[in-house]
Amino acid sequence: MHMDHSYSSITAVPKVRKGEGLAALSRPDQKAGFHAGSDPDASTALDLSCWAPRAQSADRDIIPSKDALEGRILDLLENDGYAAGALEHHINHTVGNGLRLNYTPVFESIGMEGKEAVAFKKWVEAEFKSYTRSHQHHIDANRKFDFNALQVQAYRSFMAHGEILASIEYKPSRGKYRTCIRIIDPARLSTPSDHRQTLGRDIRGGVEVDAEGAPIAYWIADRHPRPFARGLNRARMKVKWTRYTPYSARGRQRIIHIFDPIRPEQSRGYTLFAPIVRAMKMLDRLADAQLQAALMQTLMAVVIKSELDWEDAMKVLGTEESGEGGSALLDYMKQRGQYYAAHKVS
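Now for a description of the structure that goes with this document.

### Focus: helix 7 (residues 277–297)
And step 1. Taking 1.5 Å of rise per residue, 21 residues should cover 30 Å, and helix 7 covers 30 Å from first to last C-alpha, within 8% of that figure.
And step 2. Val277, Met280 and Asp284 are the residues of helix 7 that are buried. On an axial view of helix 7, the arc spanned by its buried residues comes to 65°, and they lie on one face. In helix 7, those exposed residues whose orientation departs by more than 90 degrees from the buried face are Arg278, Leu283, Arg285, Gln290, Met296 and Gln297.

Rendered as structure tokens:
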């Protein structure tokens, strides 16, 4: 049997002085526990002495810094070619030409089988395709985009904000179906500034939760907190919040809020770009600096200090040939050398 005699991780038993008895053994060992989590010791953990983050709840870590973080992310995605290209590449490989419905219910539960089930499956898929890809954009509450474009918007929101926010609405249309979807900017999901609306409610970044932490309502502003306000007076610029329950009185879903939680008891999404946003900005600055350095290397400036006038200086630089057909600059350098040699000037 092979035994590994590595005892570096075992804490030594403290020595007991005479007269202390068992009291000495009951004292806690200051070197026990994980070294990375213990109080920094100047002799052993200099690299940890200035690193002391506090362990907080997920919402306290995410929500206060969410606005500033997402502002930086959006700036990079809009102005940094590498970040924008990476996002486009990711969208093309995830969404592509759009997701298609593959309707596969348990036909036995609805009393269908055989050819009848196959025919019903094809009919549902054809209706869904006609509804989602209509040129009149019945699926979009704004009547601007088809289902594929809505998927791209939702995925962009997930990458930039870490979450997708949408509402399911019912509007009259020229088609067969009234159901439509509205993609909402997650920045509109926020806690109302009017304390009379929030009194007695547990609202975390616009998400109202009950005593168990389950979402029971969403507070959505009627516009972005910083809208394009050209032509609007101060009264119309005032933001108003509306409380929406996740489901209607009939049990139909009204609000879609999708995010991938990274910690338990998390109420809002967190973008995947967060851990690398600082490095991305530094790379952006490095690329600009390298480009500016390359441009500066292509420039050359020459400064001439001389007691000669302009015409004589140009002759010295060789813009005119000397009488012997040689360069005037070479003739000047020869005469200068002869003068220095004759007068012993070093």
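### Considering the pattern of salt bridges
And step 1. Going through the model one piece at a time under the given rule, you end up with 16 salt bridges.
And step 2. A salt bridge links Arg201 to Glu208, with the shortest nitrogen-to-oxygen separation between them at 3.2 Å.
And step 3. On the basis of relative accessibility, which here comes to 37%, the residue Arg201 falls in the partly exposed class.
And step 4. Classification of Glu208 by relative accessible area gives buried; the value is 5%.
And step 5. Asp202 is paired through a salt bridge with Arg204; the nearest N and O atoms lie 3.1 Å apart.
And step 6. Judged by its relative accessible area of 33%, Asp202 falls in the partly exposed class.
And step 7. Classification of Arg204 as partly exposed rests on a relative accessible area of 27%.
And step 8. Connected via shared salt-bridge partners are Lys66, Glu70, Glu163 and Arg268.

### Considering a nonpolar patch on the surface
And step 1. On the surface, Leu330, Tyr332 and Met333 cluster together to form a nonpolar patch covering roughly 310 Å² of accessible area.
And step 2. Along the polypeptide, Leu330 turns up in helix 9 (residues 328–342).

### Focus: the layout of surface pockets
And step 1. Empty space within the largest pocket amounts to approximately 630 Å³.
And step 2. Taken together, 24 residues line the largest pocket, and the ones lying closest to its centre are His161, Asp185, Pro186, Ala187 and His224.
And step 3. Where the lining of the largest pocket is concerned, the elements lending two or more residues are helix 1 (58–79), helix 4 (147–161) and strand 2 (179–184).
And step 4. A total of six residues in the lining of the largest pocket trace back to one element, the largest contributor, which is helix 1.
And step 5. Looking at side-chain class alone, the lining of the largest pocket contains eight nonpolar, eight polar and eight charged residues.

Rules behind the numbers
- Residues numbered from 1 in each chain as written.
- Predicted model: local features only at pLDDT ≥ 70, side-chain atom pairs only at ≥ 80, totals over all residues.
- Heavy atoms only, no water.
- Helix = DSSP H or I, 4+ residues; strand = E, 2+ residues; numbered from the N terminus.
- Expected span 1.5 Å × (residues − 1).
- Buried < 20%, exposed > 50% of the residue type's maximum accessible area, 1.4 Å probe, protein only.
- Arc of directions from axis to C-beta.
- Salt bridge = Lys/Arg side-chain N within 4 Å of Asp/Glu carboxyl O.
- Patch = residues over 30% accessible without salt bridge, like charges linked within 9 Å, V, L, I, M, F, W, Y side chains within 5 Å.
- Areas by Shrake-Rupley, 256 points an atom, 1.4 Å probe, with all protein chains shown as cover.
- 1 Å grid on protein atoms, 1.4 Å probe; cavity = no way out; pocket = protein on both sides within 12 Å on 5 of 7 lines; lining within 4 Å.
- Points joined across faces, edges and corners; volume = space filled by probe spheres on them.
- Nonpolar A, V, L, I, M, F, W, Y, C, P; charged D, E, K, R; others polar.

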